[in-house]
Amino acid sequence: MSDDVAAPHWLRGLLSQKPAPVPWKRGLRAAASIAGPVAVGLAAGRIDLGVLVSLGALCVVFADIDGPYPYRFQRTGWAAFAGVVGYLVGAHLASSAVWVLVLVAGVSALVSAIGSTASMAGLQLLVFAVLGTGQIAEPWLAVRCFGLGAAFALVLSLAAWPVRGAAHERAAVAAVYDQIAVMLAASGTSAARQARRDLTDTLNTAYDALFNVRSHLAGRDRSYRRLFVLLTETTPVIEAAVALVNAKKQAPPEYATYLLDAAYRIRVREPLAEPPSPPDEGRAVAQLHAGLRAVAEFRRGDHDTDRRQEGERLDLRVLLGRRTWLVVLRLMLCVGLAVAVGRLLELEHAYWVTLTVAIVLKPDFGSVFGRAVLRGIGTAIGVLLGAGVLALAPPSWVLVGLMAVAAAALPIGQVRNYGMFSTFVTPLVLVQLDIAQAGQWSLVGARLLDTAIGCAIVLVVGYLLWPGARRPRVGEDLAATLDTIADYLEHALSGRTDEKSTLRRQAYRALSDLRTAFQQSIVEPSAAGRQAAAWWPVIIGLERLTDAVTGVAVAIDRGADPVADADTKAVAAAVREAGKAVRGERAPKRAALPDDDRLDRVVGELTSVNATLRGPVLARGRRTRVPE
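What you see as residue numbers is a count from 1 along each chain, following the sequence as written. Where totals are concerned, whole chains, interfaces and linings use all residues; where local detail is concerned, this predicted model gives features only for residues with pLDDT of at least 70, and gives and counts side-chain atom pairs only at 80 or more. As a rule here, side-chain values cover all heavy atoms of the structure and leave hydrogens and water aside.

Caption draft 1: Structural view of the overall build of the protein chain. A count of helices and strands for the protein chain gives 25 helices and zero strands. Only protein chains enter the accessibility calculation, which uses a 1.4 Å probe; a residue is then buried when its area is under 20% of its type maximum, exposed when over 50%, and partly exposed in between. Looking at the protein chain as a whole, 54% of its 628 residues qualify as buried. What sets the accessible areas is the Shrake-Rupley method with a 1.4 Å probe; for residues, cover comes only from the shown protein chains. Accessible surface for the protein chain amounts to roughly 27,100 Å². Of this, 60% is attributable to carbon and sulfur atoms. In DSSP terms, a helix is any run of H or I states spanning at least four residues, a strand is any run of E spanning at least two, and both are numbered starting from the N terminus.

Caption draft 2: Looking closely at the packing of aromatic side chains. Note on ring pairs: Phe, Tyr and Trp rings are taken, using the six-membered ring of Trp, and paired if centres are within 6.5 Å. Classes follow the plane angle, with under 30 degrees stacked, over 60 edge-to-face and the rest tilted. A complete count under the given rule lists four aromatic pairs for this structure. Here the aromatic rings of Tyr87 and Phe146 are separated by 4.3 Å at their centres, their planes lie at 10°, and the arrangement is stacked. Note that Tyr87 is positioned in helix H4 (residues 69-91) and Phe146 in helix H7 (residues 139-158), a separation of 59 residues in sequence. Each member of the pair Tyr87 and Phe146 is classed as buried. When the ring of Phe128 is compared with that of Phe146, the centres are 5.3 Å apart and the planes differ by 65°; the resulting orientation is edge-to-face. Linking Phe128 in helix H6 (residues 116-133) with Phe146 in helix H7, this pair joins segments that are 18 residues apart in sequence. For the pair Phe128 and Phe146, a shared accessibility class is recorded, and that class is buried. A connected cluster of aromatic rings, assembled from ring pairs, spans Phe62, Tyr87, Phe128 and Phe146.

Caption draft 3: Spatial organisation of the side chain of Gln124. Mapped onto the elements of the fold, Gln124 is located in helix H6. You can call Gln124 buried: its relative accessible area is 1%. Contacts: residue pairs with any heavy atoms within 4.5 Å of one another. Ignoring anything within four residues of it in the chain, the contact list for Gln124 reads Cys59, Phe62, Ala79, Ala82, Gly83 and Ala129.

Caption draft 4: Representation of H7. Helix span, as expected, comes to 1.5 Å for every residue beyond the first. Helix length check: H7, at 20 residues, gives a terminal C-alpha distance of 29 Å against a target of 28 Å (1.5 Å per residue), a fit within 8%. Along H7, the positions that sit buried rather than exposed are Ala142, Val143, Cys145, Phe146, Gly149, Ala150, Ala153, Leu154, Ser157 and Leu158. We define a polar contact as two N or O atoms separated by no more than 3.5 Å, with the added condition that, inside protein, one atom must be a possible hydrogen donor and the other a possible acceptor, whereas residues neighbouring each other in sequence contribute only through side-chain atom pairs. In this structure Glu138 caps H7, since a side-chain oxygen of it lies 3.2 Å from the backbone nitrogen of Trp140.

Caption draft 5: Highlighting the pattern of salt bridges. By convention in these notes, a salt bridge is any Lys or Arg side-chain nitrogen within 4 Å of a carboxyl oxygen on Asp or Glu. One pass over the structure, following the stated rule, counts 13 salt bridges. For Arg576, the salt bridge goes to Glu490, with nearest N and O atoms at 3.0 Å. With Arg576 in helix H24 (residues 565-583) and Glu490 in helix H21 (residues 474-494), this pair connects stretches of sequence that are 86 residues apart. By relative accessible area, which is 25% here, Arg576 ends up partly exposed.

Caption draft 6: Representation of unusual backbone geometry. Positioned with a positive phi, Glu346 is a non-glycine residue whose angle comes to about 55°. Here Glu346 shows up in the loop between helix H15 (322-344) and helix H16 (351-360). Its relative accessible area of 69% is what places Glu346 among the exposed residues.

Caption draft 7: View of helix H3 (residues 47-63). The terminal C-alpha atoms of H3, which comprises 17 residues, lie 25 Å apart, in line with the 24 Å expected from a rise of 1.5 Å per residue. Across the 17 residues that make up H3, a large majority, 14, are buried.

Caption draft 8: The packing of H4 against H7, seen in detail. Contact geometry for H4 and H7: axes closest at 10 Å, N-to-C directions at 170°. Considered as vectors, H4 and H7 are oriented roughly antiparallel to each other. Note on element contacts: H7 touches H4 through Pro139, Trp140, Ala142, Val143, Phe146, Gly147, Ala150, Leu154, Ser157 and Leu158, opposite Tyr69, Arg72, Phe73, Thr76, Gly77, Ala80, Gly83, Val84, Tyr87, Leu88 and Ala91. Lines fitted to the C-alpha atoms define the axes, with helices restricted to the stretch that makes contact. Angles between their N-to-C directions range from 0 to 180 degrees. Orientation is classified from the angle alone, with under 35 degrees giving roughly parallel, over 145 giving roughly antiparallel, 65 to 115 giving roughly perpendicular, and any other angle giving oblique.

Caption draft 9: Layout of the packing of helix H2 (residues 24-44) against H3. It is at 7 Å that the axes of H2 and H3 come closest, and there the two elements cross at 170°. If you check the angle between H2 and H3, you find them roughly antiparallel. Side by side, H2 and H3 meet where Ala30, Ser33, Ile34, Pro37, Val38, Gly41 and Leu42 of the first sit next to Ile47, Gly50, Val51, Val53, Ser54, Ala57, Leu58 and Val61 of the second. Amino acids are sorted into nonpolar (Ala, Val, Leu, Ile, Met, Phe, Trp, Tyr, Cys and Pro), charged (Asp, Glu, Lys and Arg) and polar (every other residue, Gly among them). For the contact of H2 with H3, the class distribution of residues is eleven nonpolar, four polar and no charged.

Caption draft 10: Quick peek at the nonpolar core. Formed by 82 residues in total, the largest nonpolar core has its most connected members in Tyr177, Ile180, Leu288, Leu478, Leu542, Val602 and Leu613. In this structure Leu613 touches Leu478, Leu482, Trp535, Val538, Ala578, Val582, Ala587 and Pro588, once residues within four positions along its chain are discounted. The nonpolar core is taken to be a set of buried Ala, Val, Leu, Ile, Met, Phe, Trp, Tyr and Cys residues, with the residues joined through side-chain atoms within 4.5 Å.

Caption draft 11: Here's a closer look at a nonpolar patch on the surface. Together, Trp78, Phe81 and Val85 make up an exposed nonpolar region whose accessible area comes to about 310 Å². In this fold, Trp78 is placed in helix H4. Of the residues examined, Trp78 reaches a relative accessible area of 48% and is grouped as partly exposed. Patch definition: residues with relative accessible area over 30% and no salt bridge; like charges joined within 9 Å; nonpolar side chains (Val, Leu, Ile, Met, Phe, Trp, Tyr) joined within 5 Å.

Caption draft 12: Summary view of the environment of Val285. Positionally, Val285 belongs in helix H14 (residues 283-300). In this structure the C-alpha to C-alpha distance between Val285 and Ala243, which are 42 residues apart in sequence, comes to 9.6 Å. With sequence-adjacent residues up to four places away left out, Val285 is seen in contact with Pro252, Tyr255, Pro278 and Pro279.

Caption draft 13: Quick look at the confidence of the model for the protein chain. In the predicted model, the protein chain carries a mean pLDDT of 75, and the fraction of residues at 70 or more is 74%. What pLDDT conveys is the predictor's confidence in a given residue, as a value from 0 to 100. By mean pLDDT, helix H1 (residues 6-15) is the weakest element of the protein chain at 47, and H7 is the strongest at 88. Counting interchain partners and residues more than four positions distant, the pLDDT-below-50 stretch residues 1-11 has 22 contacts. Note on residues 616-628: pLDDT under 50 across the span, and 27 contacts to partners over four residues away in sequence or across chains.

Caption draft 14: View of the environment of Val100. Checked against the element boundaries, Val100 lands in helix H5 (residues 100-112). Given the relative accessible area of 32%, Val100 is considered partly exposed. Each C-alpha atom of the pair Val100 and Ala129 lies 9.7 Å from the other, and the pair is 29 residues apart in sequence.

Pasting the structure below:
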């Protein structure tokens, strides 16, 4: 192995787990949706039909998430529809017509370009078309059972909607107040930076929840409107809290207590108490108190007018550019190769090779290299578990219990680590598909071989040999983020308030998305991973730069004079120049920055960012730790 510093990064990134809470409710729903039909079929003496119903539930379980009910209905509903259509196509394909899967792969990749919901539906379309080709039951009977299973899982996922209503959205807004309290408590400590990022993620989640609901209700539901306005009214509180943390100042402890109490009252739909009075000498706390008092007044009042700026509508443009078509062609080529290899080698269950390719080569679910490696490792472990259990031929009720355990673990793997997910899903699908072949040890070797072939096709053709697969793309996201921060900076420092709140939120969302993109690229042992590792300090610098801008903006809101127009334009131009330099693959041009005491931190952080962009040279043999 070379002395390239990227290797430790991508290896650690592949094996690390995301610190996400365990989704217990989703796990219970998954166990009931998948193991329940098999148990009923076993009791009725038709376990074959129970397995078919269970397969239909699987397409909904894959798509199920925690979130607003309208969004969950949209996501799981389209996934169920696509899964049924795919299974219908696959079940009716004769062995001579299996090449149709190549066309299905093209449609899947094209649909995925529309958006996240369409992407999930596109994946289900291809995956269950492939699974359909491996079934031996009468096609129409299999499709009816599959559809019944999908409908059953959909009902379980949405059963609490009529009684819980906006509970999830209230909890998302309340979580913002919890996280503000955590951030204030961490001010001046090493945990403050991470708490600030967690607040951004929590705020994004709350806005996403309410935006999505509004897109379905068109603003007609008063409870959702009031929640949205409450979140909008929280903006001054967030800005004041960020300014305190950025200045490493501690707020009085009673403010953290008040924020936690406010979060509880929002969850149970009670009015907020009066916020504690700020200390006489605490000018920095005065803005926080004013924001909290305004929120409390709103909760006591009856004003439910949505004051959101227009223009934040969901954009579902289908990206039909060169990059999209390259993704389509890559998926079609790899699926075609999987089908060809399966026929050439006369594999007994050739569809497993195609299934591996379809799942691994999903273009918008992270690194292709990382998914191929994790899929291979996870599937190898899963095959040994699943096929090993089948080879021992335990009683059918034991298999049903094991299916319930594996199904309950699926949501944990989905939120923690893709390799863990593969480890859980493989024995589950093996038992579902091969329960009639219990007692055959040949399944172990066959499934391992099929998975290895599928991962090899993806790694060699879809990654190593595919044009541009290893080329760094994090620069595109970084340049776009720099432009977004420049827009926010220009509005915030000039004292303009018309779009400041919207632009601030867009800037922090862009930073959050950029961090995710970099973390995905870190697992690439190529130029993309090396660039992401070298540019990682830029993300830290941009977060500090944006926080510094917010601090100046809060001071202006408290009555300070806006920054001189010439100075504001000079700093904004320097940030945009950094974006142009990234796009042009060159060093940023040096420019004179304003000499204003209020802008010292802004200029300092921008200078640090530019220094990194002018050529991050990683010392030979030096290991650079990338934060999780």
